[in-house]
Amino acid sequence: MMIKKKTKTTFCCQECGYFAPKWLGRCPECGGWDCFAEERTAPLTGPGAISGNGLFSAQPVPIDSIVLDEDSRTSTGINEFDRVLGGGVIQGSLVLIGGDPGIGKSTLILQVIHGLSSINKKILYVSGEESIRQIKMRSQRLNASSPGMLVVSEIDVDAILNMVESVGPDALVIDSIQTMFSQDISSAPGSVSQVRESTMKLMLMAKRSGIPTFLIGHVTKDGAIAGPRVMEHMVDTVLYFEGDQNHEFRILRAVKNRFGSTNEIGVFEMKENGLAEVPNPSAVFLAERAANSPGSVVTSCIEGTRPILVEIQALISSAGFGTPRRTVLGLDYNRVSLLMAVMEKKLGLNLAGHDIFMNVTGGVKVTEPAVDLGIVAAVASSFLDKPIPEGMIAIGEVGLSGEVRGVSHLEARVAEVRKMGFTKCIVPKTSLKQLINKSDIELVGITRLAEVMENLF
Ligand code: TYD
Ligand code: MG
């Protein structure tokens, strides 16, 4: 008697991809609550189909016998996008672009493929979210439609792969990966297994055929790309498109890049007719800065290879009752708490009884320690209610014993400071040695926090 093979039912965490044989209220892997969904797995067809496709049956070759094409990177014509990718699109790369709904991912990618198609590339744009009429309407608004852009509304990955084979595009766009589904798996589109399976199939296609593939991904409430973490491991490049819905600025950030530097950013502005590049972000971030206002300090951060000036604001007010509030936007909360403690101890400022609000303007996020001195200066300025002198900037890392530590790339930072018309710059003394070119702005080298105060007020 034949025993009929049961369809296997498993439960899969929709946050992290953890598999369990039965339903669980709380995921033991990521700690999420109520995130298990039932998924039926059919007998493995994925890996079965994988073998024999030329990728996994390849023979090893000596590394020095591999010849690389000179210009394996293709420029999209959008400099900010190229920069984040590390200089252009690479053959066979799989790029994931994540971001909140409505942030402008579809808009960005449509402009990118328009750029590609204007250098005679054929691009296949697959949308699982919009009809081809909607895509047309958008492309008209963006003034981005050319004959090389082929659009289709489809969600079946296998059908898409066949389409790629028959059309033979130079690049493929999937908008979005969460809408894709593979018939090998019975769970709903958007579930972890479907997303993983679809990504796997598209990855194999991209590697085998050399067609660069862009996947658009949604982001969950807490900022991770919806679907399993493994998806981020499968792709070559992960870009996040971030920004505030209420601000027109959008920042494209590389968080993983096998072909370039991470933390490289591209800055865009959402306009009536699409995204415009912002080649000089410092000017934009500082545009609305009020002169002579206490609590506002300009500092420099390095994003990738690019120095950018940002405005840090602090507002210190005496706490009414109970525990004072600490609200920090755009900066690391723990870092700010640490600096407050150093300021209390080393500068004798009584911050304990005060509410502290901090913000980086323009919706930017900075995590670099070199902005420490900017934070300290902003807090001190608001606490003492004295503005920072006009044209002055503060750069440096602050240590726990109140020492000011050196920062990287001082040369580039100073050049940007000068370009933006600042005249005086407080920098760590140890970093001054790095400077080769003498600049005409005044550089004040300091070693201790107390000296900062003498120079500022
Ligand atoms: P969209 O690209 O659809 O976002 P996503 O694909 O990330 O969900 O962008 C939608 C938003 O962008 C929408 O709120 C309107 C705005 N927008 C403009 O301001 N100007 C434009 O030219 C376009 C196309 C969109
Ligand atoms: Mg979209």
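Bear in mind that the values here come from a model prediction, so they are computed numbers and not experimental data.

Some remarks on the site of ligand 1
Now for step 1: Taken together, 16 residues are adjacent to ligand 1, and Gly102, Lys105, Ser106, Thr107 and Gly274 come closest.
Now for step 2: Lys105 is positioned such that a nitrogen or oxygen atom in its backbone is 2.7 Å from an oxygen atom of ligand 1.
Now for step 3: Taking 550 Å² as the accessible area of ligand 1 by itself, protein coverage stands at 76%.
Now for step 4: Of all elements in the fold, only α3 (105-117), α4 (132-141) and β13 (265-271) reach the threshold of two or more residues within the shell around ligand 1.
Now for step 5: Top element by residues in the shell around ligand 1 is α3. It accounts for three residues.
Now for step 6: Considering only residue class, the shell around ligand 1 consists of four nonpolar, six polar and six charged.

Observations concerning the domain arrangement of the protein chain
Now for step 1: Split by domain assignment, the protein chain resolves into domain 1 (8-41), domain 2 (72-279) and domain 3 (284-456).
Now for step 2: Measuring from the centre of the C-alpha atoms in domain 1 to the corresponding centre in domain 2 gives 28 Å.
Now for step 3: Counting residues at the interface gives nine residues for domain 1, matched by 11 residues for domain 2.
Now for step 4: Together, the buried faces of domain 1 and domain 2 total about 690 Å²; carbon and sulfur atoms form 43% of this surface.

Observations regarding the packing of α3 against α4
Now for step 1: Taken N-terminus to C-terminus, the directions of α3 and α4 make an angle of 70 degrees; their axes are 11 Å apart at the nearest point. Taken together, α3 and α4 sit at an angle that is classed as roughly perpendicular. Of the residues in α4, those touching α3 at Ser106, Thr107 and Leu110 are Ile135, Arg138 and Ser139.
Now for step 2: Class assignment of the residues belonging to the contact of α3 with α4 gives a composition of two nonpolar, three polar and one charged.

A look at the nonpolar core
Now for step 1: Judged by nonpolar contacts, the single largest core of 48 residues is most densely connected at Leu331, Met358 and Ile375.
Now for step 2: The dominant element in this core, judged by the number of residues it contributes, is helix α10 (residues 372-384), at seven residues.
Now for step 3: A domain split of this core shows at least three residues from each of domain 2 (72-279) and domain 3 (284-456).
Now for step 4: Apart from the residues lying within four places of it in its own chain, the contact partners of Leu331 are Ile312, Val336, Met358, Val360, Val366, Val371 and Ile375.

Quick look at the packing of aromatic side chains
Any aromatic ring pair is given by two values, namely how distant the centres are and how the planes are angled relative to each other.
Now for step 1: Taken as a whole and judged by the stated rule, the model has four aromatic pairs.
Now for step 2: Taken together, a centroid distance of 6.5 Å and an interplanar angle of 85 degrees make the contact between Tyr18 and Phe36 edge-to-face. With Tyr18 in the loop between β1 (8-13) and β2 (19-20) and Phe36 in strand β3 (residues 36-41), this residue pair connects regions lying 18 residues apart in the sequence.
Now for step 3: Its relative accessible area of 7% is what places Phe36 among the buried residues.
Now for step 4: Centre to centre, the rings of Phe249 and Phe285 are 5.8 Å apart; their planes meet at 75 degrees, and the pair counts as edge-to-face.

Here's the deal with the sheet that holds strand β23 (residues 442-446)
By way of backbone hydrogen bonds, the strands of a sheet pair with one another, either parallel or antiparallel.
Now for step 1: Read from one edge of the open sheet, three strands run β19-β22-β23, paired in parallel fashion. With partners counted over all chains shown, the strands left at the sheet margins are β19 (392-394) and β23, one partner each. Neighbour-to-neighbour, the strand axes of this sheet turn through a mean angle of 20 degrees, independent of strand direction.
Now for step 2: Inspection of the sheet shows strand β22 (residues 424-428) paired to β23 by five bridges, in the parallel sense. Residue Cys425 lies in a different strand from β23, and its bridge partner there is Leu443.

Overview of helix α6 (residues 192-209)
Now for step 1: Taking 1.5 Å per residue, 18 residues should reach 26 Å; α6 reaches 26 Å between its end C-alpha atoms and fits that length.
Now for step 2: Within α6, 13 of the 18 residues are buried, which leaves the element mostly enclosed by the surrounding structure.
Now for step 3: Trailing α6 by a residue or two, Gly210 shows a phi angle of about 80 degrees, which is positive.

What to know about the sheet that holds strand β15 (residues 296-303)
Now for step 1: The mixed open sheet is built from four strands, whose spatial order is β15-β16-β18-β17. The open sheet is flanked by β15 and β17 (326-329), the only strands paired with a single partner. The average undirected angle you get between the axes of adjacent strands in this sheet is 20 degrees.
Now for step 2: The sheet contacts of α10 involve β15, β16 (306-318) and β18 (354-360), and relative to β16 the element is tilted by about 35 degrees.

As for the layout of surface pockets
Now for step 1: Taken as a whole, the second largest pocket encloses approximately 630 Å³ of empty space.
Now for step 2: Every residue lining the second largest pocket is counted, 27 residues in all, and those nearest its centre are Glu242, Arg253, Gly363, Val364 and Lys365.
Now for step 3: At the level of secondary structure, the elements contributing two or more residues to the lining of the second largest pocket comprise β6 (94-99), β11 (237-242), β12 (249-257), β15 and β18.
Now for step 4: Of the residues belonging to the lining of the second largest pocket, the class tally is 10 nonpolar, 10 polar and seven charged.
Now for step 5: Lining the lining of the second largest pocket are residues from two domains, each supplying at least three of them: domain 2 (72-279) and domain 3 (284-456).

Procedures and definitions
- Residues numbered from 1 in each chain as written.
- Chains lettered and ligands numbered in written order.
- Predicted model: local features only at pLDDT ≥ 70, side-chain atom pairs only at ≥ 80, totals over all residues.
- Heavy atoms only, no water.
- Near = heavy atom within 4 Å.
- Polar contact = N/O pair within 3.5 Å; in protein donor to acceptor, adjacent residues only side chain to side chain.
- Areas by Shrake-Rupley, 256 points an atom, 1.4 Å probe, with all protein chains shown as cover.
- Helix = DSSP H or I, 4+ residues; strand = E, 2+ residues; numbered from the N terminus.
- Nonpolar A, V, L, I, M, F, W, Y, C, P; charged D, E, K, R; others polar.
- Domains from an automatic or database assignment.
- Contact = heavy atoms within 4.5 Å.
- Buried area = accessible area lost by both parts, 1.4 Å probe.
- Axes fitted to C-alpha atoms, helices over the stretch in contact; angles between N-to-C directions.
- Parallel < 35°, antiparallel > 145°, perpendicular 65-115°, else oblique.
- Core = buried A, V, L, I, M, F, W, Y, C linked by side-chain atoms within 4.5 Å.
- Buried < 20%, exposed > 50% of the residue type's maximum accessible area, 1.4 Å probe, protein only.
- Phe/Tyr/Trp six-rings, centres within 6.5 Å; stacked < 30°, edge-to-face > 60°.
- Pairing = 2+ DSSP bridges.
- Expected span 1.5 Å × (residues − 1).
- 1 Å grid on protein atoms, 1.4 Å probe; cavity = no way out; pocket = protein on both sides within 12 Å on 5 of 7 lines; lining within 4 Å.
- Points joined across faces, edges and corners; volume = space filled by probe spheres on them.

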